[in-house]
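# Structural characterization, general
So you can see what is in the structure, the chains are spelled out below.
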Amino acid sequence: MHPLLSKTAIALIVSALAQGAAQAALFAVDPGPYQPATGGFASWYQDSHGRTLDLCLTKAVSSRVPGAPGTPSYMCLLGAVPGVFDDTQPIVFPTNFPDEAFWFTGDGSIVDAARGIDLTYVSAVEAAFAAEEPKEGDQVSFGRIRIRVDVPTAGVYTITHPYGVDIFDVPAGGSRAINMTRDIGIGTPKNYDGALKSDIGPFLRSVNGPYTETNPVTGQAEQFVGDPNLSEAFTGSPYNTNYIRIEGPNGLDLRTTVMAISGKLSTVVRPTPIIAERSTYSRIAGESAPVAQQDVFVMAPPPPATVTLDSNSPVLNLTEADTTGHWYAQSSTNPTLPSSLTLTADNHLAIPTSTPTSVSMPLTDLVVISRAEYSLSNGQITVVASTSDETSPPVLTVTTGTGVAIGALIGEGAVKSLSTGISPIPPAKVHVASSNGGGDTEEVVIVQ
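Residues numbered from 1 in each chain as written. Predicted model: local features only at pLDDT ≥ 70, side-chain atom pairs only at ≥ 80, totals over all residues. Heavy atoms only, no water.

### Digging into the packing of aromatic side chains
Tallied over the entire structure, the rule returns 11 aromatic pairs. Pairing F104 with F203 gives two aromatic rings, centres 5.5 Å apart and planes at 40°, and the pair type is tilted. Separated by 99 residues along the polypeptide, F104 in strand 5 (residues 100-112) and F203 in the loop between strand 10 (174-184) and strand 11 (205-206) bring together distant segments of the chain. Take F104 and F203: they sit in the same class, and that class is buried. Here the aromatic cluster, defined as three or more aromatic residues joined through ring pairs, consists of Y34, F41, Y45, F93, F97, W103, F129 and Y192. Across the ring face of Y211, the terminal group of R64 is positioned such that the distance to the ring centre comes to 3.8 Å. In this structure, R255 packs its charged tip against the face of Y243, placed 4.2 Å from the ring centre. (Phe/Tyr/Trp six-rings, centres within 6.5 Å; stacked < 30°, edge-to-face > 60°. Helix = DSSP H or I, 4+ residues; strand = E, 2+ residues; numbered from the N terminus. Buried < 20%, exposed > 50% of the residue type's maximum accessible area, 1.4 Å probe, protein only. Lys NZ or Arg CZ within 6 Å of the ring centre and 35° of its normal.)

This is the structure in C-alpha cells:
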C-alpha cells in the first residue's frame, strides 16, 4: 500500500481528545461528475465556515518568496516525481499527474535542540492513488493528522493543535518516539465523502490572506488561503487553538503560533452552510399568562456572516460567541404547537460566491432524565424525567436504548416517573420521548 494511504500508525498514542463543543468540520464535497482536468477527483471541498477549496493544481507562484533555480515557489504543493510527474510539463491525467495533491494543507514545526525536541505537524485533505501512481479508478481522498516528535525522555506528552488534543505515553525517548498518522476517509475509489468525517475542518487560513496570484497558464487571477512557502500566524481552528503546543516531563512547554498553509479558493457558487443544533422551548406559569422562552442554536460561518430567525416577529438576529461558528438566540414568543422555526444564514460579505441558505427546525420541549435505575434484587426499573413545558405537560414515554417500549411516565406536572418490572436483563440505556418532540437518553444505573 502507498505510504500516504497508511491507516493510523500508532505505537504510543493514549487518546485523542475533542476540545469543548462539537467540531465544525467539513460540510460538503463536489458530487461530480469528476473530470480528467482534476484527475477524476472531486474538484472541491467546502467547510462549515463556507470556504470552498479547489483541488490545488495551479502553477501560480508566490510573489512573496522567490523560488530557487529550477524549483518554483508554487502556491500549490506540486512535488515532481521522476517518471510520474514532471512539473515543467502540462498537467495531464494520467500521463503527467501528481501522485498526491491537496485541497488543503496546514504544516508546522517546533524545534528546540537544547530540550531535545523536534516536532513535525501535518494537517491535510489529500488526493492520492491506492496503488501509488496515477490510474483511473484508483482515486481516493482522506483527511490527515500526522504528528512526529523526537523527544529526549520517557513520559506522557500532550500535544494541542488546531484540530484537537493528542496524548502520548512514551516508553523511551529517541527519534520519532512519537509517530502518529491518522487518516480518515479512505473508502472505495472515487467516493470522496469519507473525508467529510475526518478531523480536518474548518480550513485554517493565514491571517495575512487571502493572497492573489496569477495562473501562468490561463493568465487569470487566483486566490489562496495561505502561502505554503511561508510560516505565518493563522486562524480557523474550531477550538480557537490557533497554535501547536507540546507539554511533557520536566516542565516541558513549547508552542508555535505559525504554520504554512495552502489552499486555493474556489469560484464555485455554494450555499452558505447552516447546521441545526437545537431549537427548544420552555413554559412556566405566570401571573396572567404562561412565561415562554425559545432557545435556538445553530452552526454557521462566523461574522461577518449573519444568521436570522425569520419566523420570529420581529425577525431576530442570532449572536455568534467566539468566531468558531456557534450561534444563539432567545425569543420570548409563546409558541403554538406543533411549530417549526425558519432561519437564514448569509455569508456573502466574506465569500462573494456564497448564497443565503434557509433551514426549518422543529420546535420541541426539552426533556431531561434525572433518574434511570434498575434494581437487580427485584427486577424493577425506575425512570424519572421532566419536560420544559410546565403549563401544558406533554405525554412522556420511555423505551430501551434499542427501542423496546417500557411504558408511559406518570405524573400531573412537568416531572413524571415510572417504576415497572422488566426482564430478563436490564437495558444499557433508556430513552424518554415527549409527545411535543423532545427527548433524552441516559445510561441505566444498576443497583442491588
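This is not the end of the story, as more comes after the structure.
### Quick look at the nonpolar core
Among the nonpolar cores identified, the biggest contains 56 residues, and Y45, F104, I147, V149, I178 and I246 are the most heavily contacted of them. The element best represented in this core is strand 6 (residues 117-129), accounting for 6 residues. Excluding anything up to four places from it in sequence, I178 contacts I147, R148, V149, V151, Y157, I159, F168 and V170. (Core = buried A, V, L, I, M, F, W, Y, C linked by side-chain atoms within 4.5 Å. Contact = heavy atoms within 4.5 Å.)

### Quick look at the sheet that holds strand 34 (residues 429-434)
Read across the sheet, 4 strands follow the order 32-31-34-35 without closing on themselves; strand pairing throughout is antiparallel. The outermost strands of the open sheet, each flanked by one partner alone, are strand 32 (405-408) and strand 35 (439-443). In this sheet, adjacent strand axes meet at a mean angle of 20° when their direction is disregarded. Pairing of strand 34 with strand 35 involves 5 bridges; the strand directions are antiparallel. From the neighbouring strand, H431 faces strand 35, where its bridge partner is T441. (Pairing = 2+ DSSP bridges. Axes fitted to C-alpha atoms, helices over the stretch in contact; angles between N-to-C directions.)

### Brief notes about the pattern of salt bridges
Scanning the model with the defined rule gives 11 salt bridges in all. One salt bridge connects R182 with D166, and the closest N-O pair in it is separated by 3.1 Å. Of this pair, R182 sits in strand 10 while D166 sits in strand 9 (residues 164-170), placing them 16 residues apart in sequence. Under the relative-accessibility criterion, R182 is labelled buried at 12%. (Salt bridge = Lys/Arg side-chain N within 4 Å of Asp/Glu carboxyl O.)

### A short note on the side chain of T105
Within the secondary structure, T105 is located in strand 5. Given the relative accessible area of 3%, T105 is considered buried. There is a polar contact of 2.5 Å between the side chain of T105 and the side chain of S262. Non-local contacts of T105, meaning those with residues more than four positions away in its chain, are made with L77, S123, A124, A260, I261 and S262. (Polar contact = N/O pair within 3.5 Å; in protein donor to acceptor, adjacent residues only side chain to side chain.)

### Some points on the pairing of strand 34
Side chains V430, V432 and S434 of strand 34 all project onto a buried face; the interleaved residues K429, H431 and A433 project onto a face where none is buried. Of the pairings in the sheet, the one linking strand 31 (residues 396-400) to strand 34 comprises 5 bridges and is antiparallel in character. Within the sheet, the bridge partner assigned to V398 lies in strand 34 and is V432. Hairpin connection from strand 34 to strand 35: 4 residues lie between these consecutive antiparallel strands, with G437 at a positive phi of about 100°.

### A short note on the sheet that holds strand 33 (residues 415-421)
Read across the open sheet, the 4 strands follow the order 33-30-29-36; overall the sheet is mixed. Only two strands of the sheet have a single partner each, and these edge strands are strand 33 and strand 36 (445-447). Between one strand axis and the next, the sheet turns by 15° as a mean value, whatever way the strands run. Relative to strand 36, strand 29 (residues 367-375) runs parallel, the two sharing 3 bridges.

### Here's the deal with the confidence of the model for the chain
Averaged over all residues, the pLDDT of the chain equals 93, while 95% of them reach at least 70. Long-range and interchain partners of residues 1-11, a stretch whose pLDDT sits below 50, account for 32 contacts in this model, where long-range means more than four residues apart. A low-confidence stretch, residues 16-22 (pLDDT under 50), is modelled with 15 contacts involving residues beyond four sequence positions or located in other chains. (pLDDT = per-residue confidence, 0-100.)

### Concerning the pairing of strand 8 (residues 155-161)
Summarising burial for strand 8: 6 of the 7 residues are buried, a large majority. When strand 8 meets strand 9, the two strands line up antiparallel, connected through 7 bridges. Bridging across to strand 9, T160 finds its partner in V165. The hairpin formed by strand 8 and strand 9 contains 2 residues between the paired strands. Of the strand pairs in this sheet, strand 8 and strand 15 (residues 244-248) are connected by 3 bridges, and their pairing is antiparallel. Its bridge partner being in strand 15, I159 is matched across the sheet by I246.

### Notes on unusual backbone geometry
A cis amide bond links G201 to the next residue, P202, at an omega of -5°. With respect to the element layout, P202 can be found in the loop between strand 10 and strand 11. Here the residue pair P303 and P304 is connected by a cis peptide bond, since its omega of 20° sits within 30 degrees of zero. Tracing the chain through its elements places P304 in the loop between strand 21 (291-299) and strand 22 (306-309). With a phi close to 70°, T323 is a non-glycine residue in the positive phi region. Note on placement: T323 falls in the loop between strand 24 (319-320) and strand 25 (326-331).

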